[in-house]
Amino acid sequence: MKGVEWETTTFDHGGQTVTIIFRKAGKNVDYEPWLLAAPSAILARNGFKGKGLYAMKRFKKGTEIGTYIGKIVGKYKTQQEGLNSDLAKELVLSGRSDKLVTLRCKNEKGWCLIDGDPEQPPCIPLVNDPKGTGLRTNCILSEWGILRSTASSIPAFDMSKSVEENVKSELRISYGDGFWNLIRQTLS
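Because the structure is a prediction, the values reported are computed rather than measured.

Attention now goes to the overall build of the protein chain. When you go through the protein chain residue by residue, the secondary structure sums to four helices and twelve strands. Here the protein chain has a C-alpha radius of gyration of 16 Å; the compact-globule value for 188 residues is 16 Å, and the two agree. Taken along the three principal axes of its C-alpha coordinates, the protein chain extends 45 × 40 × 30 Å. Split into buried and exposed, the 188 residues of the protein chain put 43% on the buried side. Expressed as a percentage of contacts within the protein chain between residues at least 6 apart in sequence, the contacts between residues at least 24 apart total 60%. The distance from the centre of the 27 positive side-chain charges to the centre of the 21 negative ones in the protein chain is 6 Å.

Structure, rendered in structure tokens:
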């Protein structure tokens, strides 16, 4: 997303540390609350702890939310080759990364294995897969790393409620079979 600037502020919300991510899209406009990084209601439903990413304003279908940011750790001819690589398996098995994605390489052919940076705004690597929760995805991550809403409407996070009560505001994507196969292969 060209021409977009990001700022963050962290504070306590009901005993939990949360971070509001502000977006400024273009000149002569103010920063607006865009996303919230907070404990994930989705992960909690599956018995895990970790952060998730929530909408701070209502997103309608097709809204471009942000770009996946991280470090390129490998380049491959195909997406499957990247996910099945020894490097991907090593990173997952060692616990050094649970934010791996394969995205099209910019300015060259092939796929890049990206180790996502969940601290770098807009913090897209914090988006979780709702697998096993009974919830559906509400976003999609393009092969170029752009996160877009796919639901007709994703409501804004209500600061007067808990993260669990805001589960409909949590952004959700499918990690895909390739990712889950990598996890199964690596951890079995």
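Now that the structure has been shown, we can carry on.
Within the span of helix α3 (residues 86-93), buried status applies to A88, L91 and V92. Taken down its axis, α3 places every buried residue within 95° of arc, on the same side. Exposed side chains of α3 directed beyond 90 degrees from the buried face belong to D86 and L93. Positioned one or two residues after α3, G95 has a phi angle of 80°, which is positive.

Here we take up the state of the cysteines. The tally for this structure, following the rule as stated, stands at one disulfide. Here C105 pairs with C112 through a disulfide, and the sulfurs are 2.3 Å apart. Linking C105 and C112, the disulfide has an S-S dihedral of approximately 125° and is accordingly described as right-handed. Exposure remark for C105: the relative accessible area of 2% places this residue in the buried category. C123 takes part in no disulfide bond, and the closest cysteine sulfur to it belongs to C139, at a distance of 15 Å. For C139, a relative accessible area of 3% puts it in the buried group.

Our focus in this paragraph is the side chain of K99. Tracing the sequence through the fold places K99 in the loop between α3 and β8 (100-104). Its relative accessible area of 15% is what places K99 among the buried residues. Residue contacts for K99: discarding those within four places in its chain leaves Y68, I114, D115, G116, P118 and P125.

Taken as a whole and judged by the stated rule, the model has six salt bridges. Here E32 and K57 are joined by a salt bridge, their closest N and O atoms 3.3 Å apart. Separated by 25 residues along the polypeptide, E32 in strand β3 (residues 32-39) and K57 in the loop between β4 (51-55) and β5 (59-60) bring together distant segments of the chain. With its nearest N and O atoms 3.0 Å apart, the salt bridge here joins E164 to R45.

Scoring rules and cut-offs
- Residues numbered from 1 in each chain as written.
- Predicted model: local features only at pLDDT ≥ 70, side-chain atom pairs only at ≥ 80, totals over all residues.
- Heavy atoms only, no water.
- Helix = DSSP H or I, 4+ residues; strand = E, 2+ residues; numbered from the N terminus.
- Rg over C-alpha atoms; globule rule 2.2 N^0.38 Å.
- Buried < 20%, exposed > 50% of the residue type's maximum accessible area, 1.4 Å probe, protein only.
- Contact = heavy atoms within 4.5 Å.
- Lys, Arg positive; Asp, Glu negative; His and termini not counted.
- Charge placed at Lys NZ, Arg CZ, Asp CG, Glu CD.
- Arc of directions from axis to C-beta.
- Disulfide = S-S within 2.5 Å.
- Salt bridge = Lys/Arg side-chain N within 4 Å of Asp/Glu carboxyl O.

Purely geometric numbers; function is a separate question.
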